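# Fold and geometry: a report
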Amino acid sequence: HHNLQRGLYTNHFIPYKLPNNTRPTITQYAGPLISKDQLQDPSPQQSAYFKGVRMGQIIDGFREPKPTYGMAQFCNDGITSTSETAPHLQPVAPGLKRDKRKINCELRVTRHRDTGQVLVSLLPSRDIPAHEELCIAYDNHYWHRVQDASQNEYTAPYLPPVYSPLNPTPPT
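Residues numbered from 1 in each chain as written. Predicted model: local features only at pLDDT ≥ 70, side-chain atom pairs only at ≥ 80, totals over all residues. Heavy atoms only, no water.

### Some thoughts on the environment of Leu122
By the secondary structure assignment, Leu122 is in strand β9 (residues 118–124). Accessibility expressed as a relative area gives 0% for Leu122, which makes it buried. When the C-alpha atoms of Leu122 and Leu107 are compared, they prove to be 4.7 Å apart, with 15 residues separating the residues in sequence. The residues touching Leu122, leaving out its near neighbours within four places in the chain, are Leu8, Pro24, Thr25, Ile26, Thr27, Ala72, Cys75, Cys105, Glu106, Leu107, Leu134 and Ile136. (Helix = DSSP H or I, 4+ residues; strand = E, 2+ residues; numbered from the N terminus. Buried < 20%, exposed > 50% of the residue type's maximum accessible area, 1.4 Å probe, protein only. Contact = heavy atoms within 4.5 Å.)

### Some details on the environment of Thr68
Residue position: Thr68 is located in the loop between β4 (57–60) and β5 (79–80). Accessibility expressed as a relative area gives 81% for Thr68, which makes it exposed. Separated by 38 residues in sequence, Thr68 and Ala30 place their C-alpha atoms 9.9 Å apart.

### Here we look at the side chain of Asn104
Tracing the sequence through the fold places Asn104 in the loop between β7 (96–99) and β8 (105–111). Separated by 2.8 Å, the side chain of Asn104 and the backbone oxygen of Glu133 make a polar contact. When near neighbours in sequence (up to four residues on either side) are disregarded, Asn104 contacts Leu123, Pro124, Ser125, Arg126, Ile128, Glu132, Glu133, Leu134 and Cys135. (Polar contact = N/O pair within 3.5 Å; in protein donor to acceptor, adjacent residues only side chain to side chain.)

### Some details on the side chain of Arg23
On the secondary structure map, Arg23 appears in the segment before β1 (27–28). Of the polar contacts made by the side chain of Arg23, one reaches the side chain of Glu106; its length is 2.8 Å. Looking at Arg23, its side chain comes within polar contact range of the main-chain oxygen of Pro124, at 2.8 Å. Discounting chain neighbours no more than four positions away, the residues touching Arg23 are Tyr16, Lys17, Glu106, Arg108, Leu123, Pro124 and Ser125.

### What to know about the sheet that holds β1
With respect to topology, 3 strands assemble into an open sheet ordered β1-β9-β8, the strand pairing being antiparallel. Edge positions in the sheet fall to β1 and β8, since each has one partner strand and no second. The pairing of β1 with β9 spans 2 bridges and is antiparallel. From the neighbouring strand, Thr27 faces β9, where its bridge partner is Leu122. (Pairing = 2+ DSSP bridges.)

### So, the sheet that holds β7
The antiparallel open sheet is built from 3 strands, whose spatial order is β5-β7-β6. Of all strands in the sheet, those bounded by a partner on one side alone are β5 and β6 (89–93). Where β6 meets β7, 4 bridges bridge the pair, whose relative direction is antiparallel. The residue bridging Leu89 from the neighbouring strand is Asp99, located in β7. Seen against the sheet, helix α2 (residues 140–148) touches β5, β6 and β7 and runs at an angle of roughly 55° to β6. (Axes fitted to C-alpha atoms, helices over the stretch in contact; angles between N-to-C directions.)

Structure (structure tokens):
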């Protein structure tokens, strides 16, 4: 059931650092900000697009690409189910290992100085060749939840959380 994930790829070379010695923002993590209090034990299928940003708050990443919005929520982890052992293979859950060579990005959470808006940016963690899949390391807790989940949690329809007036619904 891990092959249900899509993915995000680059169509051009992305340098680790720009000439001014800063790291480029590849894209943003896009979706409405929700409170953890609004969630009743979401399934891994529901929480696959969640990104915790600060105490008790989560960005509920859009499930489909939306024009003019970021797409960092479509990054996969470099996970493989192999019994092989090698220095680049890091165990994350029983039977699952992360191929550290595939991890080429990381998420950075910042808050805009003036507006207070939370931004989650996808940054390169090394030079990335054109056409390579963009991968981040998920929290190992996520992979344990995936393994503990029953198969029907993956085939059940996605139920979006209820948005409060403080967290407007995403644009349609």
